[in-house]
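Okay, here's what each chain looks like letter by letter:
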Amino acid sequence: MLYSEKTIQYYENLKNIGELDDKLKNVGTGIVGSPLCGDVMKLQLYFDENGLIQDAKYKVFGCVSAIASMELATTLLKGLTIDEALKIKNDYVADTLELSEIKRHCSVLAKEAIEAAINNYLAKQRDEVRMITVTAGALEKLRELIKEQNANGIIITAEENGCSGFQYSLSYEMDLDADAKKTIVDGITFVYEADVEPLIDGLNIDIVESILGPGFTVTNKNQMTCQNCTCGRKRE
């Protein structure tokens, strides 16, 4: 049987499908997945004045397991604090719904949607533009590579590069450090040292094709060059 009785039970009793007003400051929105892999999840969380999740709505383009995973997740989320919500494990969703191995990725997407919605809400509270933006193509490729490497996220490092300001590098995070700085963008966890944090505000990650294959470009719209070098050029 492709779907368990538990999965069918949640799928046939949908209570949280819908949308919230994304313009509201106390609504966090997370969109994860890709039409290419078959599942896309949109999760919206409504927080009250005390920071508790008062309501949760979702829309899913995907299979029965994906819809059931979001129905269960939104049921669990109501009344939780942010810390409590982030402790919901994808394994708990998968085990509760008795998902088969080929469907367990639906529970992973549900977990990523929770993180993305919370991250969006927190950004609104800080009145900040997202520190890191990732293009759709780069996002899809990063997710693919993270899955292939069984990594937890992406490490960002920065080194001075003369006139060019700083050169950024990406690598796999295999064992998340509880003390490291983190930010979540569309379900991907980016990790960096405290001294790198001021350098990644305004970062944009894109993907380009070359004769050697696809590669990532990392630029910073806020970065000023030729400030401290001796090339003779003046910073504009």
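This report concerns the structure included in the present document. What you see is a predicted model, and the numbers here were worked out from it, not measured in a lab.

**Quick word on the packing of aromatic side chains**
So, step 1. Going through the model one piece at a time under the given rule, you end up with 1 aromatic pair.
So, step 2. Seen in terms of ring centroids, phenylalanine 47 and tyrosine 121 are 3.7 Å apart; in terms of plane orientation they differ by 15°. Their pairing is stacked. Remark: tyrosine 121 occurs in helix H5 (residues 105-125) and phenylalanine 47 occurs in strand S2 (residues 39-47); sequence separation between them is 74 residues.
So, step 3. Judged by relative accessible area, which is 0%, phenylalanine 47 ranks as buried.

**Points about the sheet that holds strand S6 (residues 166-173)**
So, step 1. Strands sit in the order S6-S5-S8-S7 across an open sheet of 4 strands; the sheet is mixed. Every other strand in the sheet has two partners, leaving S6 and strand S7 (181-185) as the edge strands with one partner each. Sheet twist, expressed as the average angle between the axes of neighbouring strands with direction ignored, equals 30°.
So, step 2. Judged from the 2 bridges that link them, strand S5 (residues 153-160) and strand S8 (residues 188-192) form a sheet pairing that is parallel. Paired with isoleucine 154 across the two strands is phenylalanine 190, which belongs to S8.
So, step 3. Lying on the sheet, helix H6 (residues 136-149) is in contact with S5, S6, S7 and S8; it crosses S8 at an angle near 80°.

**Some thoughts on the layout of surface pockets**
So, step 1. Of the pockets and cavities examined, the largest pocket occupies roughly 1300 Å³.
So, step 2. If you trace the largest pocket, you find 33 residues lining it, with Val108, Leu109, Glu112, Ile146 and Ala151 closest to the centre.
So, step 3. Taken together, the elements giving at least two residues each to the lining of the largest pocket come down to strand S1 (27-34), helix H3 (82-86), helix H4 (90-97), H5, H6, S7 and S8.
So, step 4. Residue contributions to the lining of the largest pocket peak at 6 residues, all from H5.
So, step 5. A breakdown of the residues in the lining of the largest pocket according to their chemical character gives 11 nonpolar, 9 polar and 13 charged.

**Here we look at the state of the cysteines**
So, step 1. Going through the model one piece at a time under the given rule, you end up with 0 disulfides.
So, step 2. Take cysteine 63: it sits in no disulfide, and the sulfur closest to it among the cysteines is that of cysteine 106, at 3.8 Å.
So, step 3. Relative accessible area serves as the criterion here: at 15%, cysteine 63 is assigned to the buried category.
So, step 4. Using a relative accessible area of 0% as the deciding quantity, one classes cysteine 106 as buried.

**Digging into a negative patch on the surface**
So, step 1. On the surface, Asp175, Asp177, Asp179, Glu193 and Asp195 cluster together into a patch of negative charge.
So, step 2. With respect to the element layout, aspartate 177 can be found in the loop between S6 and S7.
So, step 3. Residue aspartate 177 is classed as partly exposed on the basis of its relative accessible area of 40%.

Scoring rules and cut-offs
Residues numbered from 1 in each chain as written. Predicted model: local features only at pLDDT ≥ 70, side-chain atom pairs only at ≥ 80, totals over all residues. Heavy atoms only, no water. Phe/Tyr/Trp six-rings, centres within 6.5 Å; stacked < 30°, edge-to-face > 60°. Helix = DSSP H or I, 4+ residues; strand = E, 2+ residues; numbered from the N terminus. Buried < 20%, exposed > 50% of the residue type's maximum accessible area, 1.4 Å probe, protein only. Pairing = 2+ DSSP bridges. Axes fitted to C-alpha atoms, helices over the stretch in contact; angles between N-to-C directions. Contact = heavy atoms within 4.5 Å. 1 Å grid on protein atoms, 1.4 Å probe; cavity = no way out; pocket = protein on both sides within 12 Å on 5 of 7 lines; lining within 4 Å. Points joined across faces, edges and corners; volume = space filled by probe spheres on them. Nonpolar A, V, L, I, M, F, W, Y, C, P; charged D, E, K, R; others polar. Disulfide = S-S within 2.5 Å. Patch = residues over 30% accessible without salt bridge, like charges linked within 9 Å, V, L, I, M, F, W, Y side chains within 5 Å. Areas by Shrake-Rupley, 256 points an atom, 1.4 Å probe, with all protein chains shown as cover. Salt bridge = Lys/Arg side-chain N within 4 Å of Asp/Glu carboxyl O. Lys, Arg positive; Asp, Glu negative; His and termini not counted. Charge placed at Lys NZ, Arg CZ, Asp CG, Glu CD.

Function cannot be inferred from these measures alone, as they are strictly geometric.
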